[in-house]
Amino acid sequence: MNFKPPLPPLKHDPFTAAPADGGVCEAAAHQEYANTGPLLAQVYEERCTTHNVPVDANVRSILETNSEHQPQYKRTVISLDFSSNYLSFQPMQALLETISDCTALESLSFEGNYLKPEIMPSLIKAVKTLPALVSLNLANNSTLGFSAAKLLMQLVKNNSRLVFLELDGTGITPQAKETISGLLIENATRQSYWTPKLPFKSPVVERDLRVQSINSTPRDTSAATTPGTKKSWQKTPPKIPQSPIDSSLEERVADNVESNVALKELILSEELRLLGLEEQFNTKVQGWHVELKNRHENGHQAIDNFDVEYKEPAVYVGYSTPKLIRDCELELNASDLKDMQDLYHAHDPSIKQKLKEIKPLLEELLLMETTDARAKEIGECLSSICYLREHEDAIPAAVRCHSLIHSELLSVPYILRNVRATDTQIKRLIRSRDEQNSRTAAALGMMEEFTQYESYHEKSLHIQEQLLSLAEDRIRLLKDIKGAQGLATQAKEIRAKLITRLQEADSDAGATVGKIQAAADTLNRHRKHWDKTFAEKEAEYKMFCELSKERIQENEALQEDIFTDIKKKFIELEDLSKSRIKEVELYLKERDRIDAVRTEYTEMCKVWDAHMELINGTTHSVEVATNGCVDFVGFFEQVPDMVARAADECWAATQEECLKEQRLHMTYFSQYMKDLGDLIVVREKKAMEFERRIREMDYSINMADDTLDPNKGRYEDQKKDLMFKQAQIAQKLEALY
């Protein structure tokens, strides 16, 4: 197939010697073109023009330069990766014609291109023109099916250099994949080299040749392997469950699993290649001994690198807090611990500092300078800080205690202000009393104005009663013992009611701390046991590794001895090779097992540390809350004494004024009793006068019968009137007594 060269058109055949009269530069250009061939990007543009399809920019970029930004020529290109380009039939035809006859091409990838079965004949035809091709990746082209499988079988059978063929996600049946895998193994066994270097860095070509061919089979089916070998290492690693420990740990474990699987496959591939080599001993005698030693050295190197390159963790156990609680048989479960955290706000790092503010705020409430507005602010501040029900119930009581301490009943200025407010009223009553007494004395001189006298006297007494009542009120204001006692009683009732609840909260907090401490002790005890168990398993693993490596070395020594008599003991040599593979598999499994143990131990330690931190934080929160209870108790203990002291100070300030008012009260009382006595004497005289006149009327009535006096009826009416007035006077006297 002729392609247009990148140089200007030449007048002679570029593959013949330069004419005698041609320049040296032109001859050198011809020679370079003969060695490299045309640029792939230019060839691709010509093919697209021929097929009348547009040039795909992404494909042209791949063809134009490699990963090192060097131009790619048809005869020197080594690797091409067209993954995820989704070309249709005609553009794909142009691309296949472009890459045909690339004599140095070793790796080719069409992964994820939605290739159709119709394009497969053209693709197989193009691949047959690639003599150096080692790796072909057709993965994730789900519609290829059975017709493509038959073409691929013929391709692998006729092309002995092809040892990589990735067919995952192609829709090809497991049986067909198994057959293709067997053919790839045969190709790999025939090769005189094992690990060709490919510049195209892809999981398809980075792995060992034999391993890649086996991995091209489905995970759940049996690949064609040498009889007597195990394939348990080919299974898909178990799905890793989610864990609350570390969200990024699962991804790291998945990456480590993939890396470790590659390491295992590398070791097992060396063992399988060793076994494949021994199977060819009966036909290939030349160079066996040297090759055997090389394989042994490669196997040793792979095993030595295994522990160095092995990434941990490669097993995800999913150790969690519930499992830790079950393993340690803790009475304090996660739900209880969460309830304690919620109750004591252990998850809030600022609550500890806030709770320390309770005591200063309560002390400020006890200060006499604290105003009611400030007390209200303190109550709101305490409400925002406190979260225990007992603390919240104590806050209104604390504010109430402030109001008791600052009650007006204990305020000297307030008491004196109220007393002075009655001075005008007392003066007015004294003036009214004196005026009434003057009127009473004037009326007493005129007995015919006796009714007016009684009226004045009664008004005077009424005024004096008001004066006495007002004086008593002034005394009560100055010496309100009942008010002070009431305030003290309220303070004591608040103290008795809340101290019991706060002490109960303190007791509950102590019980909570006890439970948490018991759980911590149990965790520490189990941690020591786990540490000891893990150390023993680590020691067992190290001993096993040493013994296993010794057994592998002994196996090699036996193989060397058997090799001298290989014709007689070939069967024994093959059996030992199989035993070696089994031992390596056991070694790898044991490595996975100890990794699982180490991972579980590591995750347990992380969970343990987190749980211990949680427990310690909760303990501290409970202790801080307990200190809050103690602060409230101390506050309420001080209130009754402060109220009593305030009452004493108030009495000391008002005692002299109270004595003065008591002396005035005695003066008022003496005058009142004197006037009351005068009124009683006058009324008794009036009563005696009515009694005398009634006796006279009785006498007149009795004599009227004897004297036939016609005025008897009038006398009886007068008697009734006198008796009525006498009853009134007696009633008034009784009221005065």
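Along each chain, residue indices are assigned from 1 in the same order as the chain's sequence is written. Per-residue local features are limited, in this predicted model, to residues with pLDDT of at least 70; the limit for side-chain atom pairs, both in listing and counting, is 80 or more; totals at the level of whole chains, interfaces and linings are taken over all residues. Based on all heavy atoms of the structure, the side-chain values leave hydrogens and waters out of the count.

Caption draft 1: Quick peek at the pattern of salt bridges. We define a salt bridge as a side-chain nitrogen of Lys or Arg found within 4 Å of a carboxyl oxygen belonging to Asp or Glu. For the structure shown, the criterion picks out 22 salt bridges. Two residues, lysine 725 and aspartate 721, come together in a salt bridge whose shortest N-O distance is 3.7 Å. Of this pair, lysine 725 and aspartate 721 both sit in helix H23 (residues 712-736), four residues apart, which is roughly one turn of the helix. In this scheme, a residue with accessible area under 20% of its type's maximum is buried, one over 50% is exposed, and one in between is partly exposed, where area comes from a 1.4 Å probe on protein chains only. Classification of lysine 725 as partly exposed rests on a relative accessible area of 36%. The exposure class assigned to aspartate 721 is partly exposed, which follows from its relative accessible area of 38%. Connected via shared salt-bridge partners are Glu45, Arg60 and Glu64. Helix and strand labels come from DSSP, where a helix needs a run of H or I of at least four residues and a strand needs a run of E of at least two; each type is numbered from the N terminus.

Caption draft 2: Looking closely at the confidence of the model for the chain. Per-residue confidence for the chain averages 77 on the pLDDT scale, and 82% of its residues sit at or above 70. Values of pLDDT, which run from 0 to 100, indicate the predictor's confidence residue by residue. The criterion used for residue contact is that any of the two residues' heavy atoms lie within 4.5 Å. Every residue in residues 1-25 is under pLDDT 50, and counting partners more than four places away or in other chains gives 24 contacts. Note on residues 192-244: pLDDT is under 50 here. Beyond four places in sequence and across chains, it has 122 contacts.

Caption draft 3: Structural view of the sheet that holds strand E3 (residues 135-137). Pairing between strands is defined by DSSP: at least two bridges between them are needed. With parallel pairing, the four strands of this open sheet are ordered in space as E1-E2-E3-E4. In the strand order of this sheet, the two ends are held by strand E1 (79-81) and strand E4 (164-166), each with one partner. Each adjacent strand pair in this sheet contributes to an overall mean axis angle of 5 degrees, direction not counted. When strand E2 (residues 107-109) meets E3, the two strands line up parallel, connected through three bridges. Bridged to leucine 108 within E3 is leucine 136. To get an axis, a line is fitted to the C-alpha atoms, and for a helix only the part in contact is used. The angle between two axes follows their N-to-C directions and goes from 0 to 180 degrees.

Caption draft 4: Representation of the side chain of lysine 74 within the structure. Relative to the assigned elements, lysine 74 resides in the loop between helix H3 (57-64) and E1. Think of it this way: Lys and Arg go in the positive column, Asp and Glu in the negative one, and His and the chain ends go nowhere. Aspartate 101 provides the closest opposite charge to the buried, unpaired lysine 74, separated from it by 5.7 Å. Here a polar contact is recorded for every N or O atom pair within 3.5 Å, except that within protein the pair must consist of a potential hydrogen donor and a potential acceptor, and residues adjacent in sequence are included only if both atoms are side-chain atoms. A polar atom in the side chain of lysine 74 sits 2.5 Å from the backbone oxygen of serine 100.

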